[in-house]
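Below, each chain spelled out in residue letters.
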Protein chains: 2
Amino acid sequence: MKSCAANRKGTVAVMTETYPSDPAAVVDLLGVLAYGELSAFDRMAHDARMAPNTALRAALAEKAALEIGHYRKLVDRIGELGADPQQAMAPFVVPVETFHARTEPKTWGEALVKAYVGDGLAADFYREVATYVDQPTRALVNEALADSDKAEFAIREVGVLLAQDQTAASRLSLWGRRLVGEAISQAQHVAAERDALVRLIVGGAGDLTAISALIDRITGKHVERMRAIGLRH
Amino acid sequence: MKSCAANRKGTVAVMTETYPSDPAAVVDLLGVLAYGELSAFDRMAHDARMAPNTALRAALAEKAALEIGHYRKLVDRIGELGADPQQAMAPFVVPVETFHARTEPKTWGEALVKAYVGDGLAADFYREVATYVDQPTRALVNEALADSDKAEFAIREVGVLLAQDQTAASRLSLWGRRLVGEAISQAQHVAAERDALVRLIVGGAGDLTAISALIDRITGKHVERMRAIGLRH
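Attention here is on the structure that accompanies the text.

Analysis parameters
- In every chain, residue numbers begin from 1 and rise along the written sequence.
- Both sets of labels track the order of writing: A upward for chains, 1 upward for ligands.
- Where totals are concerned, whole chains, interfaces and linings use all residues; where local detail is concerned, this predicted model gives features only for residues with pLDDT of at least 70, and gives and counts side-chain atom pairs only at 80 or more.
- Side-chain metrics rest on all non-hydrogen atoms present in the structure, leaving aside hydrogens and water.
- Strands here are runs of E lasting at least two residues and helices are runs of H or I lasting at least four, both read from the DSSP assignment and numbered beginning at the N terminus.
- For each residue, the accessible area found with a 1.4 Å probe, counting protein chains only, is set against the maximum for its type, and the residue is called buried under 20%, exposed over 50%, and partly exposed in between.
- In what follows, residue pairs with any heavy atoms lying within 4.5 Å of each other are defined as contacts.
- A 1.4 Å probe and the Shrake-Rupley method give the accessible areas. Residues count as covered only by the protein chains that appear here.
- Least-squares fitting of one copy onto the other uses the C-alpha atoms of those residues that reach a pLDDT of at least 70 in both copies.
- By definition, a salt bridge exists where a carboxyl oxygen of Asp or Glu is found within 4 Å of a side-chain nitrogen of Lys or Arg.
- Definition of a polar contact: a pair of N or O atoms within 3.5 Å, with one able to donate and the other able to accept a hydrogen when the atoms are protein atoms, and with sequence-neighbouring residues admitted only if both atoms are side-chain atoms.
- Here, axes are lines fitted to C-alpha atoms. For helices the fit covers the stretch in contact, and angles between N-to-C directions go from 0 to 180 degrees.
- Throughout, the term roughly parallel applies to angles under 35 degrees, roughly antiparallel to angles over 145, roughly perpendicular to angles from 65 to 115, and oblique to all others.
- Helix crossings fall into two classes, left-handed where the near helix is turned counterclockwise from the far one by less than a right angle and right-handed where it is turned clockwise.
- Residues are grouped as follows: Ala, Val, Leu, Ile, Met, Phe, Trp, Tyr, Cys and Pro are nonpolar; Asp, Glu, Lys and Arg are charged; all remaining types, including Gly, are polar.
- This arc is built from the directions going out from the helix axis to the C-beta atoms.
- Under the convention used throughout, the expected extent of a helix is 1.5 Å for every residue step, that is, one less than its residue count.

**A short note on the overall build of chain A**
Counting secondary structure elements, chain A contains 11 helices and zero strands. Taken over 233 residues, chain A has a buried fraction of 50%. Sequence separation of at least 24 residues holds for 80% of the intrachain contacts in chain A that already meet a minimum separation of 6. Accessible area for chain A stands at about 10,600 Å²; split by element, carbon and sulfur atoms hold 57% of it.

**Re the relation of the copies chain B and chain A**
By a simple turn and slide, chain B fits onto chain A: the slide is 0.0 Å along the axis, the RMSD is 0.0 Å, and the turn is 180°. Both copies are brought into coincidence by an operation consistent with a two-fold rotation axis. Minimal C-alpha separation from the rotation axis in chain B is found for Ala65(B), amounting to 2.3 Å. The fraction of interface residues of chain B whose copies in chain A are also interface residues reaches 100%, indicating that both copies meet through the same surface.

**Details of the pattern of salt bridges**
All chains considered together, the criterion is met by 34 salt bridges over all chains. A salt bridge links Arg43(B) to Glu97(B); its shortest N-O distance comes to 2.9 Å. With Arg43(B) in helix H2 (residues 23–47) and Glu97(B) in helix H5 (residues 93–102), this residue pair connects regions lying 54 residues apart in the sequence. For Arg43(B), a relative accessible area of 14% translates into the label buried. Among the charged side chains, a network of salt bridges with common partners joins Asp42(A), Arg43(A), Glu97(A), Arg49(B) and Arg57(B).

**Description of the interface of chain B and chain A**
Many authors give the size of an interface as the accessible area that is lost as the parts come together. Contact with chain B, which involves 23 residues of that partner, is made by 23 residues of chain A. If you look at where chain B meets chain A, you find six salt bridges. Of the charged contacts in the structure, one is a salt bridge between Arg49(B) and Asp42(A), with a shortest N-O distance of 2.8 Å. At the boundary of chain B with chain A, the tally comes to 10 residue pairs in polar contact (both at pLDDT 80 or more). Looking at which element gives the most residues to the side of chain B that touches chain A, the answer is helix H3 (residues 54–80) of chain B, with 11 residues.

**Re the environment of Gly69(A)**
Residues and elements named next belong to chain A. Structurally, Gly-69 is set in helix H3 (residues 54–80). For Gly-69, a relative accessible area of 30% translates into the label partly exposed. The sequence separation of Gly-69 and Glu-37 amounts to 32 residues, and the corresponding C-alpha distance is 8.6 Å.

**Comments concerning the packing of helix H2 (residues 23–47) of chain A against H2(B)**
The interhelical angle for the contact between H2(A) and H2(B), taken along N-to-C directions, is 130°, at an axis separation of 9 Å. Classified by the interaxial angle, the pair formed by H2(A) and H2(B) is oblique. Along this stretch, H2(A) crosses H2(B), giving a crossing that reads as left-handed. Contacts from Phe41(A), Asp42(A) and Ala45(A) of H2(A) reach H2(B) at Phe41(B), Asp42(B) and Ala45(B). Considering only residue class, the contact of H2(A) with H2(B) consists of four nonpolar, no polar and two charged.

**Here we look at helix H7 (residues 135–145) of chain A**
For H7(A), the complete set of buried residues consists of Thr137(A), Leu140(A), Val141(A), Ala144(A) and Leu145(A). Down the axis of H7(A), the buried set is contained in an arc of 140°. They therefore lie on one face.

**What to know about helix H6 (residues 108–130) of chain B**
Given 3.6 residues per helical turn, the α-helix brings residues three or four places apart onto the same face. In this model, H6(B) (23 residues) spans 32 Å end to end at C-alpha, consistent with the 33 Å of a helix rising 1.5 Å per residue. Summarising burial for H6(B): 19 of the 23 residues are buried, a large majority.

**Considering the side chain of Asp134(A)**
Residue and element names in this part refer to chain A. For Asp-134, the position within the fold is in the loop between helix H6 (108–130) and H7. At 2.9 Å, the side chain of Asp-134 and the side chain of Arg-77 are in polar contact. Separated by 2.9 Å, the side chains of Asp-134 and Thr-137 make a polar contact.

What follows is the structure, given as structure tokens:
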């Protein structure tokens, strides 16, 4: 790894040349993503205990381990930008933990849908906002996305559950809607408090109409994902 | 990855040429190590919640993620040897879970000492038994050991706790002794039930005197480790 000073200098040069985005907003963005990954690790590791066998328990544990890999990269990037990772994550601890507290899976099926839906929503959000930030940060985000196909086992196993139990589809569909509702609710809390972050996203999108289109795209992809595994949105 | 058939053939050839060890015993050994790693992941991920800050929480989470990486390698090796990983791990679920249930950390200091002592004992055991098995298995075990220095943060943080609290040393020393006692107790249960595994280790060591020397070496290294972080055995 290059020294922080060298990286910081290089980054600022890149940002000045190609992106006028507020560095504090980029740190905010990396902070919420980093805490999201750390928290996802914690929750998936916990949910893995509900798996019906050791192989599936390990599959969710391995997905959790990927999240902590992303966390490390995001936190290192925060450091390279000259910010303190702990401070960068601090404003997002409460909303992220509130989301998880309100969406604690009670069954293995709920754990699978949460891993799949949560991963999908996060990946879509990553992809959208990655276009608004400096190139090194964008490369990092895209790298983190490259292994998000690790949710494939969740798709397969939800299919197994739906085939076993005729009532599972309606229960898990409801659960999927609740996950999205709680995610939107917490995102609104974050937006109300983090002006710089909102300006980065609105500025990146262009205007409020573009933001609305962004939300529509993310929602549309969520609906497609739910349909793909036999659930309704 | 080469095909299983090719690997299996290669392995058997190597074992026949250089090691007369019972393949069932090698699978047993890999099974207990694999379940140990999966369980270590689960427990460390859980214990990370006790960390006093996000950076330390992430440090223990990253250590947990390493364990699941080891798990995957061990389980793949079991498959290459033509055995079923779930069946290979099954006999060791109860003793490993009993060990953890009896040594559930109540404080961050206990979590750190458990991560450090547990990792150290496991690594020493790995190193000793690696010499008794076929070369590909040995290479795998040594590869898994290469990143066991990730416990360094635990050593540093135990030092921080000892400097802050004069009474911590005696409490954590007692805790360290309890961890080793429970590990030995569960190892004895395993030994009583798994003849092939015991024969592999006794056969590898040479005789019962050599086994006694092996236990002395592992205990000696544990005592050194405890001293190195200011705890007594």
